[in-house]
Amino acid sequence: MIILGIETSCDETSVAVVEDGRRVRANAVLSQADLHSPWGGVVPEIASRQHSEMLPSVVRRALREADLAWDAVDAVAATYGPGLASSLLVGLSMAKGLAMRLNRPLAVVNHLQAHMYSPFLSPEAPSLESATPFVALVISGGHTCLVRWEGVGRYRLLGETIDDAAGEAFDKGAKLLGLGYPGGPIVDRLARGGDPAYVAFPRGVVRGERFLPAGADPRLCFSFSGVKTALRTRAAAEGWNRDHPRLADVVASYQEAIVDAVIARCERALDGANTLAVGGGVSLNSRLRARLQQLAEARGVRLLLAPPAYCADNAAMIAGLAGVGGGRWGAEAQSADATPSLSVCAA
Ligand code: KG4
Ligand code: ZN
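What counts and how
Residues numbered from 1 in each chain as written. Chains lettered and ligands numbered in written order. Predicted model: local features only at pLDDT ≥ 70, side-chain atom pairs only at ≥ 80, totals over all residues. Heavy atoms only, no water. 1 Å grid on protein atoms, 1.4 Å probe; cavity = no way out; pocket = protein on both sides within 12 Å on 5 of 7 lines; lining within 4 Å. Points joined across faces, edges and corners; volume = space filled by probe spheres on them. Helix = DSSP H or I, 4+ residues; strand = E, 2+ residues; numbered from the N terminus. Nonpolar A, V, L, I, M, F, W, Y, C, P; charged D, E, K, R; others polar. Near = heavy atom within 4 Å. Polar contact = N/O pair within 3.5 Å; in protein donor to acceptor, adjacent residues only side chain to side chain. Areas by Shrake-Rupley, 256 points an atom, 1.4 Å probe, with all protein chains shown as cover. Sits in = over half its atoms within 2 Å of the grid points. Donors = N, O, S within 2.8 Å, 3.2 Å for Na, K, Ca; no water. Tetrahedral: all angles 85-135°; square planar, octahedral: opposite > 155°, others 65-115°. Buried < 20%, exposed > 50% of the residue type's maximum accessible area, 1.4 Å probe, protein only. Pairing = 2+ DSSP bridges. Contact = heavy atoms within 4.5 Å. Axes fitted to C-alpha atoms, helices over the stretch in contact; angles between N-to-C directions. Lys, Arg positive; Asp, Glu negative; His and termini not counted. Salt bridge = Lys/Arg side-chain N within 4 Å of Asp/Glu carboxyl O.

With that out of the way, let us pick up the layout of surface pockets. Each pocket or cavity is described by its volume, and for the largest pocket that value is around 1,300 Å³. Broken down by secondary-structure element, the contributors of at least two residues to the lining of the largest pocket are α4 (111-117), β8 (154-160), α6 (166-176) and α7 (183-191). Counting residues per element, the lining of the largest pocket draws most heavily on α6, which supplies six residues. The residue makeup of the lining of the largest pocket, split by class, is 21 nonpolar, 17 polar and nine charged.

Here is the structure:
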């Protein structure tokens, strides 16, 4: 079964061709980061216009890379949420049109569930069946959550962020220090060689009495707005900026606070589970990857990290999850609307 997948939920225009949910024949990704970086964040109008202009050529590029003709495509899949409404609409409309024209089935996929599935795109990963059930951590620019994967289409929310996502904390922190956008990779690089104990940033505890999503355990929820505020306050008081001599120590400490908070939740979420699967753009973070490896070794659990090519937004994870039966199919898919605030466990 060869699926052509389309992903346009944020600022990456991506089209992939995946065989049997596992073998990535092509994964074309066109990043818009350069267009948004002068604004210090994603500008929705620019994103959707760029998707509209570029998507047809990215579709052709993916088919060329896969070395396939149109009639080899067995189904078409697209992200329908969550994400930016006008961006989602471009990819979803294209997928509906293609499925109709090719007379092939259509699947619409939840972007966050696709991130959870992304570790299985690695040729070294165990089969999805043998790894199930597992705990999934999705950690990206828009989302941070822990979910128990009980089977394709059977997900249970364990915890999620009550304010900013981890990637947002990286991006906003970097912006505040004048380091550029996106901040995650810049902080990751600058923090190497820095002292992570230089500043004691808060670790964002979530209390039970706060408003929480249904089913979420406060001990497994995240809060990253406090660490960002602490950075802002301390930066103003101490004159931290891109030229400060202790910049590496400041960003290493900031990164450590974010990573520490994530590791503590993962550790708790692993009670009674033996596999942790991690995906999303922030899972590229070298410190987080190292700490997750340490945690897995200490706890004797199997760690499945998304391959670097499939950490950030990509269509391979969309076509992949559809290829194992994920997402909504048939009439339900044809009538699905772009759903900007689709929750992580929604079909
Ligand atoms: O998954 P993704 O491409 O988009 C969303 O679905 O949000 O994630 C983008 C996020 C950005 O916040 C970016 O700063 C962060 O991933 N990121 C990183 C690293 N590489 C990307 N954060 C920390 N360390 C990195 N090396
Ligand atoms: Zn994403």
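Quick look at the site of ligand 1 now. Around ligand 1, 20 residues are found, and the nearest of them are Gly141, Asp171, Asp188, Gly281 and Asn285. In this structure, Gly142 approaches ligand 1 through a main-chain N or O atom, which is 3.0 Å from an oxygen atom. Measuring from an oxygen atom of ligand 1, one finds a side-chain N or O atom of Asp313 at 3.0 Å. Starting from 550 Å² of accessible surface for ligand 1 in isolation, the protein chains cover 88%. Judged by the proximity of its atoms to the pocket grid, ligand 1 belongs to the largest pocket. Taken together, the elements giving at least two residues each to the shell around ligand 1 come down to α4, α6 and α7. Grouping the constituent residues of the shell around ligand 1 by class yields seven nonpolar, ten polar and three charged.

With that out of the way, let us pick up the coordination of the zinc ion (ligand 2). Each angle at a metal carrying four tetrahedral donors should ideally be 109.5 degrees, and each at a metal carrying six octahedral donors should ideally be 90 or 180 degrees. Within the protein, the zinc ion (ligand 2) binds to His111 (NE2), His115 (NE2) and Asp313 (OD); these donor distances fall in the range 2.0 to 2.1 Å. One can describe the donor arrangement at the zinc ion (ligand 2) as irregular, given that its four donor atoms subtend angles of 93 to 142 degrees at the metal. Residue classification places His115 among the buried positions, given a relative accessible area of 0%.

Turning to the sheet that holds strand β11 (residues 328-329), a few remarks are in order. Here six strands make up an open sheet; going across it, the order is β3-β2-β1-β4-β5-β11 and the pairing mixed. Only two strands of the sheet have a single partner each, and these edge strands are β3 (23-31) and β11. Contacts between helix α3 (residues 85-102) and the sheet are confined to β1 (2-7), β4 (75-81) and β5 (106-110), with β4 contributing the most and set at about 160 degrees to the helix. Across the sheet, helix α11 (residues 316-323) touches β1, β2 (12-19), β3, β4, β5 and β11, and the angle it forms with β1 is around 135 degrees.

Before going further, it helps to spend a moment on the side chain of Asp11. With respect to the helices and strands, Asp11 occurs in the loop between β1 and β2. Lys175 provides the closest opposite charge to the buried, salt-bridge-free Asp11, at an N-O distance of 13 Å. In this structure, Asp11 is in contact with Leu30, Ser31, Gln32, Ala33, His36, Val42, His51 and Tyr181, ignoring residues within four places of it in sequence.

Okay, the pairing of strand β6 (residues 134-139) next. Buried residues dominate β6, accounting for six of its six residues. By the alternation rule, side chains of β6 split into Phe134, Ala136 and Val138 and Val135, Leu137 and Ile139, which are all buried. Of the pairings in the sheet, the one linking β6 to strand β7 (residues 144-151) comprises six bridges and is antiparallel in character. Looking at the pairing, Val135 lines up with Arg148 of β7. Counted between consecutive antiparallel strands, the loop separating β6 from β7 contains four residues.

Attention now goes to the side chain of Arg291. The residue Arg291 is located in helix α10 (residues 286-299) in this model. Take Arg291: its relative accessible area is 14%, and that puts it in the buried class. Residues contacting Arg291, with those up to four places away along its chain left out, are Glu256, Val259, Asp260 and Ile263.

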